[in-house]
Amino acid sequence: MDKKLKQIIEESTNIVFFGGAGVSTESNIPDFRSEQGLYNARQKYGLSPERIISHSFFIDDPETFYDYYKNNMIYREARPNKAHMALAFLEKKKKLKAVVTQNIDGLHQMAGSKNVFELHGSVLRNNCMDCGEFYDLEYIMDSENCKGRIPKCRKCGGTVKPDVVLYEEGLSEEVINGAVMAISKADTLIVGGTSLVVYPAAGLINYFRGKDLILINKQRISHDRNASLVINQPIGEVLGELLL
Ligand code: CNA
């Protein structure tokens, strides 16, 4: 393992991890902006993903939204990779205090992480827009519960919406406040697998006041110059060394 990374982790007592889609690519979930990412997938509808996964589009055309969503954003077979496992391990060892993620796949919790701030929600949670009834992912994927492709509430017939922050929607204040609090108290912030271009999420790292900022990303990103350590390698391979 990178010597400096090992040393920083050893000396830290309050690590926070801030991550994005790149954390889950080694679990075979594509990210948005790499060459194989979702934004490069040929578009069936001639519309940008930003348009399709926006709030107004969901309201106007939930059937097309769900067609895209179910085919491109749901990976039921995905399992945590070494990055998720290593972060859960660090939390268990009481070194890491929180994971702040832009991901919506629930893999950090599946790996055992407890204190997770999901800035953009989770595909595992869904609610009826009319009565609020909760539904899991299995429910919305089962065509028996759908009219066309649109999942409907079994209680009131309302449309069920994923608890995922769509474009044009705001982030949960409670989640943001928790994330800001955790980041501002951290002595080490590890930022990994994110291009840091999606705001307001990316802005949260500015609350970091601690000693060491570590960036782990396959590609160089613009924040590199502010970091104590930059590692341009796959994050599962890098953090996975902590499990050995
Ligand atoms: P992004 O903009 O797609 O950036 C991902 C970054 O990770 C890129 O800079 C890649 O170079 C890098 N990367 C890819 N694989 C690895 C790897 N194995 N190791 C290290 N780095 C890697 O994604 P962001 O998270 O920055 O953008 C935020 C969006 C993407 C959020 O709104 C997410 O909800 C959304 N998203 C989430 C998922 C998911 O839940 N798994 C998947 C795709 C997109």
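Every chain's residues receive numbers from 1 upward, in the order its sequence appears when written. With the structure being a predicted model, the display of local features is reserved for residues of pLDDT at least 70 and the display and counting of side-chain atom pairs for 80 or more, all residues being used for whole-chain, interface and lining totals. Excluded from the side-chain calculation are hydrogens and water; included are all heavy atoms of the structure.

Asker: Account for the pattern of salt bridges, with residues named and values stated.
Answerer: By definition, a salt bridge exists where a carboxyl oxygen of Asp or Glu is found within 4 Å of a side-chain nitrogen of Lys or Arg. If you walk through the whole model with that rule in mind, you get eight salt bridges. Note that K211 and D212 form a salt bridge whose closest N and O atoms lie 3.6 Å from each other. Accessible area is worked out with a 1.4 Å probe on protein chains only. A residue is then buried under 20% of its type maximum, exposed over 50%, and partly exposed in between. Residue classification places K211 among the exposed residues on the basis of a relative accessible area of 64%. Given a relative accessible area of 12%, D212 falls into the buried group. In this structure, a network of salt bridges that share partners links the residues E118, R125 and D163.

Asker: Pulling in residues and values, what's your account of the nonpolar core?
Answerer: In this text, buried Ala, Val, Leu, Ile, Met, Phe, Trp, Tyr and Cys residues form a nonpolar core when linked through side-chain atoms within 4.5 Å. By size, the foremost hydrophobic cluster in this structure holds 24 residues, and its most contacted members are F18 and L189. Residue contributions to this core peak at five residues, all from helix α8 (residues 173-185). Counting residues in hydrophobic clusters, the runner-up holds 23 residues, among them I52, I53, F65 and M73. Numbering goes from the N terminus for both helices and strands, where a helix is a DSSP run of H or I of at least four residues and a strand is a run of E of at least two.

Asker: Could you give an account of the packing of aromatic side chains, naming the residues involved and the relevant values?
Answerer: Here is the rule: rings of Phe, Tyr and Trp (six-membered ring for Trp) pair when centre to centre is within 6.5 Å. Planes less than 30 degrees apart are stacked, more than 60 are edge-to-face, and the remainder are tilted. Tallied over the entire structure, the rule returns six aromatic pairs. Look at Y66 and Y69: their rings are 5.9 Å apart centre to centre, the planes differ by 85°, and that puts the pair in the edge-to-face class. Residue Y66 and its partner Y69 are located together in helix α4 (residues 62-72), separated by three residues, close to a single helical turn. Taking relative accessible area as the criterion, Y66 reaches 0% and is therefore assigned buried. Seen in terms of ring centroids, Y135 and Y139 are 4.0 Å apart; in terms of plane orientation they differ by 25°. Their pairing is stacked. Comparing Y135 with Y139 shows no difference in burial state: the two are buried. An aromatic cluster of three or more residues is present, and its members are F58, F65, Y66 and Y69. Here, over-ring charges are defined by two tests on the NZ atom of lysine or the CZ atom of arginine: distance to the ring centre within 6 Å, and angle to the ring normal within 35 degrees. Positioned over the ring face of F58 is K161, at 5.9 Å from the centre of the ring.

Asker: How would you summarise the domain arrangement of the protein chain if you had to cite specific residues and measurements?
Answerer: Domain boundaries assigned for the protein chain yield domain 1 (1-28 + 78-120 + 170-244), domain 2 (30-74) and domain 3 (124-164). Per the annotation, domain bounds derive from an automatic or database assignment of domains. The distance between the C-alpha centroids of domain 1 and domain 2 comes to 26 Å. Once two parts are brought into contact, the accessible area they lose, counted with a 1.4 Å probe and summed over both, makes up the buried area. Roughly 450 Å² is buried in total at the junction of domain 1 and domain 2, and carbon and sulfur atoms are behind 66% of that figure. Among the residues domain 1 hides against domain 2, the three largest losses belong to A21, T25 and I104. Together they make up 47% of the total. Under the scheme applied, nonpolar residues are Ala, Val, Leu, Ile, Met, Phe, Trp, Tyr, Cys and Pro; charged residues are Asp, Glu, Lys and Arg; polar residues are all the others, including Gly. The residue makeup of the side of domain 1 that touches domain 2, split by class, is four nonpolar, four polar and no charged.

Asker: Run through the sheet that holds strand β8 (residues 160-164), naming residues and quoting values.
Answerer: Spatially, three strands are ordered β5-β4-β8 in an open sheet, and the strand pairing comes out antiparallel. The two strands at the open ends of the sheet, each matched to only one other strand, are β5 (134-135) and β8. Each of β4 (121-128) and β8 is contacted by α4, which is oriented at about 50° to β8, the strand it contacts most. Strand pairing is defined by DSSP finding a minimum of two bridges between the two strands. By definition in these notes, contact holds between two residues if any of their heavy atoms fall within 4.5 Å. Between N-to-C directions, angles cover 0 to 180 degrees, with each direction set by a line fitted to C-alpha atoms, over the stretch in contact for helices.

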